[in-house]
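Listed below, chain by chain, are the residues.
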Number of protein chains: 2
Amino acid sequence: MSAPQVQLLLTGNELMTGDIVDSNSAMIAHELKELGLTISKKTTVADDLNLLVAEIITITHQADILIINGGLGPTIDDLTAQALAKATNTTITEHPEALAHVTAWCNKRNSELNAPNLKQTMLPKGCDIISNRNGSAVGFSLIFQNCIVYCTPGVPSELKIMLAEQIKPHIKQQLPDNLICDVTRLQVFGIGESSLQKLINEALPDWPESIEIGFRAGSPLLEVKLSTYSQEATQLKDLWQEKLLRVLGDNFIAQVKEKPFTLAEHLVKKLTEKQLTITTAESCTGGLIASLITSVSGASACFEAGYVTYSNKAKSEMLDVPSKLIEQYGAVSQQVVEAMAQGALAKSSADLAIAVSGVAGPDGGSEDKPVGTIWIAWGSKKAIQSECLLLPYTRQKFQHYSANITLDLIRRKLNKTTQTPCYIKERAFQAKQ
Amino acid sequence: MSAPQVQLLLTGNELMTGDIVDSNSAMIAHELKELGLTISKKTTVADDLNLLVAEIITITHQADILIINGGLGPTIDDLTAQALAKATNTTITEHPEALAHVTAWCNKRNSELNAPNLKQTMLPKGCDIISNRNGSAVGFSLIFQNCIVYCTPGVPSELKIMLAEQIKPHIKQQLPDNLICDVTRLQVFGIGESSLQKLINEALPDWPESIEIGFRAGSPLLEVKLSTYSQEATQLKDLWQEKLLRVLGDNFIAQVKEKPFTLAEHLVKKLTEKQLTITTAESCTGGLIASLITSVSGASACFEAGYVTYSNKAKSEMLDVPSKLIEQYGAVSQQVVEAMAQGALAKSSADLAIAVSGVAGPDGGSEDKPVGTIWIAWGSKKAIQSECLLLPYTRQKFQHYSANITLDLIRRKLNKTTQTPCYIKERAFQAKQ
């Protein structure tokens, strides 16, 4: 037996105007996923009776399960009960269980039962109550056109508890035993979505259809998601994940367990494990690399000092970069960026350094060093490497991407990897002196 | 003539699984509202060809305008073009304008045009291109069942610019003249939404109903939006805007013309006008203040050097803060933060300095100096001021908010204002030594 088709219907004017961003549907999706269920369609409408009725009729015709969220409150724009009654061609009547709930709710708070409260007890005839520990409005369910409809409150804390304690167990009872969903998420940096897709097509042409592969472009990490929907596919997954990891090589950062991590978090963890410290000498990123590192809790174990040397004078005064070197080669040059790294290492006594100097734009570019040119130096006193890249983006994206590239370069150095990352392969640039 | 019916169709597996929370539809709703348009229904489906086709047919039958968001990317789960072709019973062909865009995009990045890139040029026959300044995928539009369909990318930065520059003007052209909507947006910092609402209620109790007042909490600027929907109301607005500005006082930053500005942009502009330079000495913000300033194009006119002194040793070595002072009062103290500011002024020869030292958390707090404590010093050699605040937020929010507070303090100093901002009134904290 296949999985039931589930749809959501969200109601609320504030969802349509954009004044609030809907997070309830993500919560519902996460909860249902634990049952192996996915949501096929999500419809959001304003608090409009006719629209609601039309959607309820359409969706119950398509789906096996419909979860309606919102519109259970005490005000006149809360229309869910009324819409369901109209759609199912029944009447609204006072539900004794709902009345008992609202009465108890008011008593507990020493408040009088008023007309808005009573409105919340008027529900479609014959529906079942879903109790609500956290609010005055009860939820309710009914079956229409062979579709089970759950009506839930819009307040997230009320929805959460109702889902966990009532709706999920109720759905689970009705599910076939063979429904399994297993998801693996892999964080990747140094290869883009389209290059990776191409690589997989070439290296793993017989990728099995039963292992769904999805991409989610983050800034800046890419997430690769492997989903399986059967026990056989899940058993197959380990093997194919291994193959994929070989294709990903050094671009693979980590498997996501609870929540995704940033590159800076990975780096701080790695440095702390190895008891190494790092310093930064930043021109065109202006402190962003240091701020990414120090955004991580516990960064003090590996970071003591950073140098934002935005002007040439600051490069010389703070990091002892000879002004002659800057005059001769320009601030955006291999010589200067390596001297910045050496200077930062000497001044801070850190084990590792990152130094950057580039043209963030939108002004300041030249034919030899166009906007987007960046010299990066990284390494230890003993071994400083450097590369020149061309990252022709907007100023903010240039700064953000190059800052993350430097973190990744140190990560690769710590991993002692030899593979050249895509951003060097594809973006290496021969800046003229 | 009445307003056209607008619907949204969002596509993406990640929207269905709850892995990302949709903020694009709020952005679209806000933009359309400025044209006086509201969205009547929003449908979200997974990356499933048949579902997409069915929804396109249904929605174009109901609506006058359909905006599709997502599914334009280079991977096989990006299905919008294919779905539209199937729904409109046409074929997918290589669009010369799209090809030119992708080719230019790849050339600019020195990367080869690959098959996934080429996929992005295959569009429904006869569609019009919507250009994309920020990404590889172009948008496109076509008319089906008397409904104009705009296909837009899921990446928020790309969507934003496409909406502002292409789609809004295009929709506006087709709107009847009697749909007038006039929006004024005011940027505010230093007073919260509920405090401001209270202030307005008290100071301007007879605020006219025809001038809709809305708030949009940004990070960190608050935007106050005045919308009018008739010529009379628009004529009335100037007067009331004047009154509102008096209520806002020094908390008013600027009126938004094209796009909202950051506090750092305002500050860099002000400093450059006055030919003043600024430096930063950062402990708990770890370079964030410097990076906010240098994220602004042209920052080099007012910013030369910044000091990220995360450890006590760095404070002494880089800024000559006496280590005895740190031992005696602790790194998070008025004495140390003022010495940091003095040190940064002396080292950099800048006219103005910002210095911060605090407990960003989640660890490192004590009873006397709990997580969220921050000492801020700001000013010139002649006049350094300092304040201690308690900002009990998550680490990232603490860092971001306090960095922006420091920019605002300098802004107020340059404006020679005397009004105390709310963040000092409400968050001032007596940290014990």
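Cut-offs used in this document
- Residues numbered from 1 in each chain as written.
- Chains lettered and ligands numbered in written order.
- Predicted model: local features only at pLDDT ≥ 70, side-chain atom pairs only at ≥ 80, totals over all residues.
- Heavy atoms only, no water.
- Helix = DSSP H or I, 4+ residues; strand = E, 2+ residues; numbered from the N terminus.
- Rg over C-alpha atoms; globule rule 2.2 N^0.38 Å.
- Buried < 20%, exposed > 50% of the residue type's maximum accessible area, 1.4 Å probe, protein only.
- Areas by Shrake-Rupley, 256 points an atom, 1.4 Å probe, with all protein chains shown as cover.
- Lys, Arg positive; Asp, Glu negative; His and termini not counted.
- Charge placed at Lys NZ, Arg CZ, Asp CG, Glu CD.
- Pairing = 2+ DSSP bridges.
- Axes fitted to C-alpha atoms, helices over the stretch in contact; angles between N-to-C directions.
- Salt bridge = Lys/Arg side-chain N within 4 Å of Asp/Glu carboxyl O.
- 1 Å grid on protein atoms, 1.4 Å probe; cavity = no way out; pocket = protein on both sides within 12 Å on 5 of 7 lines; lining within 4 Å.
- Points joined across faces, edges and corners; volume = space filled by probe spheres on them.
- Nonpolar A, V, L, I, M, F, W, Y, C, P; charged D, E, K, R; others polar.
- Contact = heavy atoms within 4.5 Å.
- UniProt positions renumbered as here; feature names shortened; annotations may be inferred.
- Buried area = accessible area lost by both parts, 1.4 Å probe.
- Polar contact = N/O pair within 3.5 Å; in protein donor to acceptor, adjacent residues only side chain to side chain.
- Left-handed = near helix turned anticlockwise from the far one by under 90°.
- Core = buried A, V, L, I, M, F, W, Y, C linked by side-chain atoms within 4.5 Å.
- Domains from an automatic or database assignment.

## Considering the overall build of chain A
- What chain A contains, in helices and strands, is 16 helices and 17 strands.
- Here chain A has a C-alpha radius of gyration of 29 Å; the compact-globule value for 433 residues is 22 Å, and the former is much larger.
- Principal-axis analysis of the C-alpha atoms places the extent of chain A at approximately 90 × 55 × 40 Å.
- Expressed as a percentage of its 433 residues, the buried residues of chain A come to 57%.
- A total of about 18600 Å² of accessible surface is found on chain A, and carbon and sulfur atoms cover 50% of it.
- Averaging the positions of the 40 positive and the 45 negative side-chain charges in chain A gives two centres separated by 7 Å.

## Points about the sheet that holds strand 12 (residues 252–255) of chain A
All names here are of chain A.
- Taken in spatial order, the 4 strands of this open sheet run 10-11-9-12, and their pairing is antiparallel. Strand pairing shows two members of the sheet lacking a second neighbour, strand 10 (211–217) and strand 12, which therefore form its edges. Taking the axes of each pair of neighbouring strands and ignoring which way they run, one obtains an average angle of 25° across the sheet.
- Here strand 10 pairs with strand 11 (residues 222–228) via 7 bridges, running antiparallel.

## Considerations on the pattern of salt bridges
All names here are of chain B.
- On inspection of all chains with the given rule, the structure shows 23 salt bridges over all chains.
- The shortest N-O distance in the salt bridge between Glu 165 and Arg 133 comes to 2.5 Å. Of this pair, Glu 165 sits in helix 7 (residues 156–174) while Arg 133 is found in the loop between strand 6 (128–130) and strand 7 (139–144), placing the two residues 32 residues apart along the sequence.
- Looking at Glu 165, the relative accessible area reads 38%, which means it is partly exposed.
- Salt-bridge contacts for Lys 347 lead to Asp 320; the nearest nitrogen and oxygen are separated by 3.5 Å. Within this pair, whereas Lys 347 is found in helix 14 (residues 334–348), its partner Asp 320 is found in the loop between helix 12 (312–319) and helix 13 (323–329), the two being separated by 27 residues in sequence.
- What makes Lys 347 partly exposed here is its relative accessible area of 35%.
- Through salt bridges with shared partners, a single ionic network connects Glu 31, Glu 34, Lys 168, Arg 185 and Glu 223.

## Here we look at the layout of surface pockets
- Here the second largest pocket defines a volume of roughly 1100 Å³.
- A:Glu212, A:Tyr229, B:Asn13, B:Ala46 and B:Asp47 are, among the 41 residues lining the second largest pocket, the residues nearest its centre.
- If you list the elements that add at least two residues to the lining of the second largest pocket, you get strand 2 (39–45), helix 8 (193–203), strand 10 and strand 11 of chain A together with helix 1 (13–17) of chain B.
- Sorting elements by how many residues they give to the lining of the second largest pocket places strand 10 of chain A first, with 6 residues.
- Among the residues making up the lining of the second largest pocket, the classes are represented as 21 nonpolar, 10 polar and 10 charged.

## What about the sheet that holds strand 15 (residues 352–358) of chain B?
- Pairing in this open sheet of 10 strands is mixed, and the strands run 17(A)-16(A)-15(A)-13(A)-14(A)-14(B)-13(B)-15(B)-16(B)-17(B) from one edge to the other. One side of each edge strand has no neighbouring strand; the edge strands of this open sheet are strand 17 (384–390) of chain A together with strand 17 (384–390) of chain B. The average undirected angle you get between the axes of adjacent strands in this sheet is 10°.
- Taken together, the 5 bridges between strand 14 (residues 303–309) of chain A and strand 14 (residues 303–309) of chain B define a ladder with antiparallel strand orientation. Paired with A:Tyr307 across the bridge in strand 14 of chain B is B:Tyr307.

## Let's talk about the environment of A:Thr309
- Relative to the helices and strands, A:Thr309 is located in strand 14.
- Among the residues examined, A:Thr309 registers a relative accessible area of 0% and is labelled buried.
- Once you skip the residues sitting within four places of it in the chain, A:Thr309 turns out to touch A:Glu282, A:Ser283, A:Ala314, A:Lys315, A:Met318, A:Leu319, A:Met340 and B:Glu304.

## Remarks on the environment of A:Val256
All names here are of chain A.
- Residue position: Val 256 is located in the loop between strand 12 and helix 10 (263–273).
- A residue is classified by how much of its surface remains accessible, and Val 256, at 8% relative accessible area, is buried.
- As for Val 256 and Leu 35, which are separated by 221 residues in sequence, their C-alpha atoms are 20 Å apart.
- Dropping the residues within four chain positions of it, Val 256 is found in contact with Arg 185, Gln 187 and Glu 223.

## So, the UniProt feature "domain: MoaB/Mog" (unreviewed entry) in chain A
- The UniProt record marks residues 7–174 of chain A with the feature "domain: MoaB/Mog" (unreviewed entry), using the residue numbering of this structure.
- The distance from the first to the last C-alpha atom of residues 7–174 of chain A is 16 Å, and the span holds 44% helix and 23% strand.

## Regarding the pairing of strand 2 of chain A
- Burial within strand 2 of chain A is extensive, with 7 of its 7 residues counted as buried.
- Both strand 2 of chain A and strand 2 (residues 39–45) of chain B contribute to a ladder of 5 bridges, which runs antiparallel. The partner of A:Thr43 across the bridge, within strand 2 of chain B, is B:Thr43.

## Digging into the interface of chain B and chain A
- Of the residues lining the interface, 70 residues belong to chain B; the matching set on chain A comes to 69 residues.
- Surface buried jointly by chain B and chain A totals about 5300 Å² across both partners, of which 51% is contributed by carbon and sulfur atoms.
- Between chain B and chain A we count 4 salt bridges in total.
- One salt bridge connects B:Glu304 with A:Lys313, and the closest N-O pair in it is separated by 3.9 Å.
- Remark: the boundary between chain B and chain A carries 30 residue pairs in polar contact (both at pLDDT 80 or more).
- Of the residues in the side of chain B that touches chain A, the class split is 25 nonpolar, 29 polar and 16 charged.

## Regarding the packing of helix 10 of chain A against helix 15 (residues 395–414) of chain A
Residue and element names in this part refer to chain A.
- The N-to-C vectors of helix 10 and helix 15 enclose an angle of 35°; their axes lie 10 Å apart at closest approach. Helix 15 is crossed by helix 10, and the crossing has left-handed handedness. Residues Leu 263, Ala 264, Leu 267, Lys 270 and Leu 271 of helix 10 touch helix 15, and the partners they reach there are Asn 404, Leu 407, Asp 408, Ile 410, Arg 411 and Leu 414.
- Looking at the contact of helix 10 with helix 15 residue by residue, the classes come out as 7 nonpolar, 1 polar and 3 charged.

## Looking at the nonpolar core
- Counting residues in each nonpolar core, the largest one holds 81 residues, and the members touching the most others are A:Leu407, B:Ile278 and B:Leu407.
- Excluding its chain neighbours within four sequence positions, the residues that come into contact with B:Leu407 are B:Leu263, B:Ala264, B:Leu267, B:Ile289, B:Leu292, B:Ile293 and B:Ile354.
- Listed in part, the 50 residues of the second largest apolar core include A:Ala305, A:Ala331, A:Ala339 and A:Ala355.

## Digging into the domain arrangement of chain A
- Entries for chain A in the domain assignment read domain 1 (6–174), domain 2 (182–255) and domain 3 (263–427).
- Relative to domain 2 of chain A, the C-alpha centre of domain 1 of chain A lies at a distance of 37 Å.

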